[in-house]
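A look at the structure
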Amino acid sequence: MSRRSPRRRLTAVTLAITASMFLASCADNGSSGGGGETVESGSALKIGLVNEQADLGTPTKGGTLTFSGFSSVTTLDPAKSQVAGAAGGSELGAIYDVVMRYDPIKQEFVPQLAESLEPSSDSKTWTLKLRDGVTFSDGTPLDSKAVADSITRYVTNKGPQSSLWAAKVTSMDTPDATTVVFNLVDPWTGIRSMLATGPGMIVAPTAQKGEMFTPIGAGAFTLEKFAPNEELVLAARPDYYGGAPNVDKLKLISIVGAQPTAEALKTGGIDAAYMRTLTPILDLIESGNPGFIDIPSLGYIANVNMAEGRPGADLRVRQAMALAIDPDTLNTRVNNGKGLPGQVIFQDTSRWHNDVAPIGVDPAKAKELLDQAKADGFDGKITFLSIQEPSSQATALAVQAMLNAIGFDVQIEYVTGASDVTKRVLVDHDYDMATGALSLSEADPFERLYASLKTGGRNNSTGYSDAQMDVLLDQLGVATTDEDKTAVLAKIQQRATETVPWQIWGNVPTFDVWNKNVHGLMQSIDGIMLFDEAWKS
């Protein structure tokens, strides 16, 4: 069955902190807002398409499409990459495709390499049917054994999502060449999002030979040139199962900085990009550039180290910080009031929004809590870790001023780049306070909440541990309907308000953007774009 169908065209109508996502947040944490219990956004951004294009009919064939990702691609192995829009997801998707795609407009998962993915009545068994006639670029068939072997390889190689997969999936059966049956420990719908990201990017059986890995996938493009941290050039596959791509080549690069990226779009130096910085996003929208706005939740937060001996180990200190820092003030100072401020996990732009109140802003109560902690021996000193970059500095100085106003003694420690912050927070756990992001997907927020909040979680960089939250996370993991998930997420919000696992300041919009002469780009989960139907007029 061809995928050249109306459902594939753009129509009118969004892990845990991994190093890559953390890098994304640090690189532009001051470029989107924080503050207050409701969204009061001068930008009025909503999830969805902007500057929608008319259907121009028959696509033009040929040419090269140049895409600038958020960060440079350093590996072409899905088992060694956090597959997301901010970190190589679109680039790897061009080579491997995905088993499932998330349609962020319809808010549903749809088959891509799959023909279907159906749960049992209790959602403990999922049956995947593969499309007939799909082959890898080396000509070998993409069959059930190849899918099972690729996922097993992903888990064995400890891919970023492997621990959750291993905890949820007990076995995979392959009763015939086009069927994979996933047997689960308990009900779980997150398998769909897994098969739309890293585990769902199937590598060919011939890809791994000893220690040597060759990027061979079932996607619409094949490798022509790869210079890590510089550029990736891919050539169209004439034998792609959905039909040969419209463009002859993809050139995938990463321009450092949002403003230079925006300028490259305007001058035609690039054709499309993934962006996370508010001001150039608003400028491009005003200029008429088409694109898709996503607003992941928990996009602008601060992590506070809760390890023994650190100030954040005292709940009163974390509460005092949250009550003292006004995200609306941050938004005004950093974004000229045009950001997405808020203290709740899910703002009203999210399908998972609930009515549970945030902790609020109350400097007098904050001072009272801080004084109690000082009476028990806390000296009031906090070190705020920040990148030496204008927007990050603006955030750091605003936070310092608000905390010092109630009696903290905040010192800012500047480091050169986001990688320095990443190492200090995620690897060494050597920090008091630092900005970050979880960027919870609208498709399924469970995975990143679980990995960052669960006691001993893979990406629990703060040392947060709460028995009640652990129970709620387990309940979220087995919830199978949106109604049940929303109910549990409201309880998670309530517990977060009480225990302050993060300092929540708001959200960061992301923008899949392209020029007016580019058509046919498709969105998937987490800002990932697919290029097999893209063309330039």
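Residues numbered from 1 in each chain as written. Predicted model: local features only at pLDDT ≥ 70, side-chain atom pairs only at ≥ 80, totals over all residues. Heavy atoms only, no water.

A sheet is described by the order of its strands in space; here 8 strands give the open sequence 1-15-22-14-2-13-12-11, paired in mixed fashion. What marks the edges here is a single partner per strand, and that holds for strand 1 (48-50) and strand 11 (221-227). Strand-to-strand twist of the sheet, defined as the mean angle between neighbouring strand axes without regard to direction, takes the value 15°. Sheet topology places strand 2 (residues 64-68) next to strand 14 (residues 272-275); 2 bridges connect them, and they run parallel. By the bridge assignment for strand 14, F67 is matched with A272. Strand contacts of helix 6 (residues 258-267): strand 2, strand 14 and strand 22 (510-514), with the helix running at about 160° to strand 14, the strand carrying the most contacts. (Pairing = 2+ DSSP bridges. Helix = DSSP H or I, 4+ residues; strand = E, 2+ residues; numbered from the N terminus. Axes fitted to C-alpha atoms, helices over the stretch in contact; angles between N-to-C directions. Contact = heavy atoms within 4.5 Å.)

Quantified by volume, the largest cavity comes out at close to 140 Å³. Looking at the largest cavity, it is lined by 14 residues, and the ones nearest its centre are A322, Q343, I359, W502 and I504. Here the lining of the largest cavity is composed, by residue class, of 10 nonpolar, 4 polar and no charged. (1 Å grid on protein atoms, 1.4 Å probe; cavity = no way out; pocket = protein on both sides within 12 Å on 5 of 7 lines; lining within 4 Å. Points joined across faces, edges and corners; volume = space filled by probe spheres on them. Nonpolar A, V, L, I, M, F, W, Y, C, P; charged D, E, K, R; others polar.)

The tendency in soluble globular proteins is for nonpolar side chains to be buried as a group. With 89 residues, the main nonpolar core has F182, L449, W502 and F531 as its most contacted residues. Once residues within four sequence positions are removed from consideration, L449 is found in contact with L298, F346, L440, K454, L473, L476, L489 and W502. With 29 residues, the next largest nonpolar core counts L370, A396, M402 and I412 among its residues. (Core = buried A, V, L, I, M, F, W, Y, C linked by side-chain atoms within 4.5 Å. Buried < 20%, exposed > 50% of the residue type's maximum accessible area, 1.4 Å probe, protein only.)

Attention now moves to the packing of aromatic side chains. All told, the structure shown has 9 aromatic pairs when counted by the stated rule. A ring pair is formed by Y102 and F109, whose centres lie 4.9 Å apart and whose planes are at 55°; its orientation type is tilted. Relative accessible area serves as the criterion here: at 2%, Y102 is assigned to the buried category. Ring plane angle 75° and centroid distance 5.5 Å describe the contact between Y300 and W505, whose orientation is recorded as edge-to-face. With Y300 in strand 16 (residues 300-304) and W505 in strand 21 (residues 503-507), the pair connects residues that are 205 residues apart, well separated along the chain. Relative accessible area serves as the criterion here: at 1%, Y300 is assigned to the buried category. By way of ring pairs, the aromatic residues W165, F182 and W188 are connected into one cluster. (Phe/Tyr/Trp six-rings, centres within 6.5 Å; stacked < 30°, edge-to-face > 60°.)

Our next topic: helix 7 (residues 278-286). Residue pairs spaced three or four apart in an α-helix point in one direction, given the helix's 3.6 residues per turn. Those residues of helix 7 that fall on the buried side of the exposure criterion are L278, P280, I281 and L284. Looking at the buried positions of helix 7, the neighbouring elements they touch are helix 6, strand 14, strand 15 (291-294), helix 9 (327-335) and strand 22. Looking at the residues trailing helix 7, positive phi occurs at G288, about 95°.

Among the structural elements, A405 can be located in the loop between helix 11 (390-404) and strand 19 (409-415). For A405, a relative accessible area of 64% translates into the label exposed. Taking the C-alpha atoms as reference points, A405 and K106, 299 residues apart in sequence, are found 46 Å from one another.

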